[in-house]
Amino acid sequence: MNQQYDMAQEHEITLVEAVNLALHRAMLADESVVMLGEDIGKNGGVFRATDGLQQEFGFARVMDTPLAETTIAGAAVGMSVAGLKPVAEIQFMGFIFATLEHLVCHAARMRNRTRGRLTCPMVLRAPFGGGIHAPEHHSESTEALFAHIPGLRVVIPSSPARAYGLLLAAINNPDPVIFLEPKRLYRAEKHDVIDNGEALPLDTCFTLREGQDVTLISWGACIKECLAVCDALADEVSIELIDLATIKPIDFVTLENSIKKTGRCVIVHEAAKTCGVGAEIAAYVAEHLMPYCKSPVKRLTGFDTVMPYFRNEQHYMISEVDIADAIRTTMAASF
């Protein structure tokens, strides 16, 4: 990557390039923004998301660390409490579990523990999800694990523009953010992104398609297939597609307004079904929106199994056919 972009100009870039662009912009704007992680400096990260940043901003602000996720998270907490804005990278989400002690017991509790005297403005970035034929421990989608923790915000972009704007917002947020990047989308497409330093709002859904018949809710990499299905079924079903984007806290106002309008809801996520974020949305619909529903909520998810190796990975991943079938089933069902 290692490209130089003109400030405030529109660039046609991939999602991983948008991450790099947002990090570059944030470091230019604020000297307290620092980065740390395994191979993020000299090598520019395993996916090259931090390519060129150490060369420009130096070793003191872009730090290569040992292969020690516990240390990375602990150092980020300490830096944030001391007045810095660390952006820590975990190479793959499958390696993130070693950070839980510091995230759950310290980062998430810092504001409450000190009665607001201290905050923890840190971002923990990690590529997540399957679809790239990765080996073991490299394809997890465990976003619900972090969404369950009070004090943590969980953000997942699904396009270059949202990756740019949401990452800037996460870095400027005074509390810890888990920023999960769908690696299947890293280089899937190029979109226009303006490097103007403008952040997108956190805690807000993005309505990508307006529709009247059914509300389709998803996030991360599955948005790609959802968009394709919206186009493929355009003459058959009027689909309202919502990108959840911030999965903790969930913007239930947007979801509620959409479901009240359409009366039907399909939720798509790559993560395992049991206790997934889709279950939380379905529970909200059951508790608050049943009088508006014309059919039961439909969840289309990954399986309650470990992501298989690449030979069987396609059997786990959700396809456009799966989503189209789920929408048709929902349209045909009724109470």
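**Q** How do you make sense of the overall build of the protein when you look at a structure like this?
**A** Tallying secondary structure elements over the protein gives twelve helices and 14 strands in all. Expected size for 335 residues packed as a compact globule is a radius of gyration near 20 Å; at 20 Å, the protein falls within 12% of this value. With the C-alpha coordinates of the protein rotated into their principal frame, the extents come out at 60 × 45 × 40 Å. For the protein, the residues scored as buried account for 56% of the 335 residues in total. For the protein, the share of sequence-separated contacts (at least 6 apart) that also reach a separation of at least 24 residues comes to 81%. Only carbon and sulfur atoms are counted for the fraction: they give 52% of the accessible area of the protein, which is about 14100 Å². Separation between the mean location of the 29 positive side-chain charges and that of the 42 negative ones in the protein comes to 5 Å.

**Q** What should I look at first to understand the sheet that holds strand 6 (residues 153-155) in this one?
**A** Consider a sheet: its strands pair through backbone hydrogen bonds, and that pairing is either parallel or antiparallel. Across the sheet, which stays open at both edges, the seven strands sit in the order 3-2-4-5-7-6-12 with mixed pairing between neighbours. Unpaired on one side and paired on the other, strand 3 (62-64) and strand 12 (246-248) mark the two borders of the sheet. Going from strand to strand, the sheet's axes swing by 20° on average, the running direction of each strand aside. When strand 4 (residues 85-89) meets strand 5 (residues 123-128), the two strands line up parallel, connected through three bridges. Bridging from a neighbouring strand, Ala88 pairs with Leu124 of strand 5.

**Q** Explain the nonpolar core to me, please; I cannot follow it from the model alone.
**A** Note that soluble globular proteins tend to have their nonpolar side chains buried in a common cluster. Membership of the largest hydrophobic core comes to 46 residues, with the highest contact counts inside it found for Leu244, Leu255 and Ile281. Here the element with the most residues in this core is helix 10 (residues 277-288); it accounts for five residues. Counting only domains with at least three residues in this core, you end up with domain 1 (10-195) and domain 2 (206-332). Apart from residues no more than four positions distant in its own chain, Ile281 is found in contact with Ile217, Trp219, Leu244, Ile250, Phe252, Leu255 and Ile267.

**Q** Hey, could you run me through helix 3 (residues 69-81) in this one?
**A** For an α-helix, 3.6 residues make a turn, and residues three or four places apart therefore share a direction. The end-to-end C-alpha distance of helix 3 is 19 Å, a good match for the 18 Å that 13 residues give at a rise of 1.5 Å each. Those residues of helix 3 that sit buried are Glu69, Ile72, Ala73, Ala76, Val77, Met79 and Ser80. With its buried residues spanning 165° around the axis, helix 3 presents them on a single face. Against the buried residues of helix 3 lie strand 2 (33-37), strand 3, strand 4, helix 4 (100-107) and helix 5 (110-113). Among the residues trailing helix 3, Gly83 stands out with phi positive, at a value near 110°.

**Q** So what exactly am I meant to see when it comes to the environment of Arg48 here?
**A** Assignment of secondary structure puts Arg48 in the loop between strand 2 and helix 2 (53-57). For Arg48, a relative accessible area of 36% puts it in the partly exposed group. Between the C-alpha atom of Arg48 and that of Asn20, which follows or precedes it by 28 residues, the distance is 8.3 Å. Reaching out from Arg48, the side chain makes a polar contact with the backbone oxygen of Asn43 at a distance of 3.3 Å.

Quick notes on the rules
Residues numbered from 1 in each chain as written. Predicted model: local features only at pLDDT ≥ 70, side-chain atom pairs only at ≥ 80, totals over all residues. Heavy atoms only, no water. Helix = DSSP H or I, 4+ residues; strand = E, 2+ residues; numbered from the N terminus. Rg over C-alpha atoms; globule rule 2.2 N^0.38 Å. Buried < 20%, exposed > 50% of the residue type's maximum accessible area, 1.4 Å probe, protein only. Contact = heavy atoms within 4.5 Å. Areas by Shrake-Rupley, 256 points an atom, 1.4 Å probe, with all protein chains shown as cover. Lys, Arg positive; Asp, Glu negative; His and termini not counted. Charge placed at Lys NZ, Arg CZ, Asp CG, Glu CD. Pairing = 2+ DSSP bridges. Axes fitted to C-alpha atoms, helices over the stretch in contact; angles between N-to-C directions. Core = buried A, V, L, I, M, F, W, Y, C linked by side-chain atoms within 4.5 Å. Domains from an automatic or database assignment. Expected span 1.5 Å × (residues − 1). Arc of directions from axis to C-beta. Polar contact = N/O pair within 3.5 Å; in protein donor to acceptor, adjacent residues only side chain to side chain.

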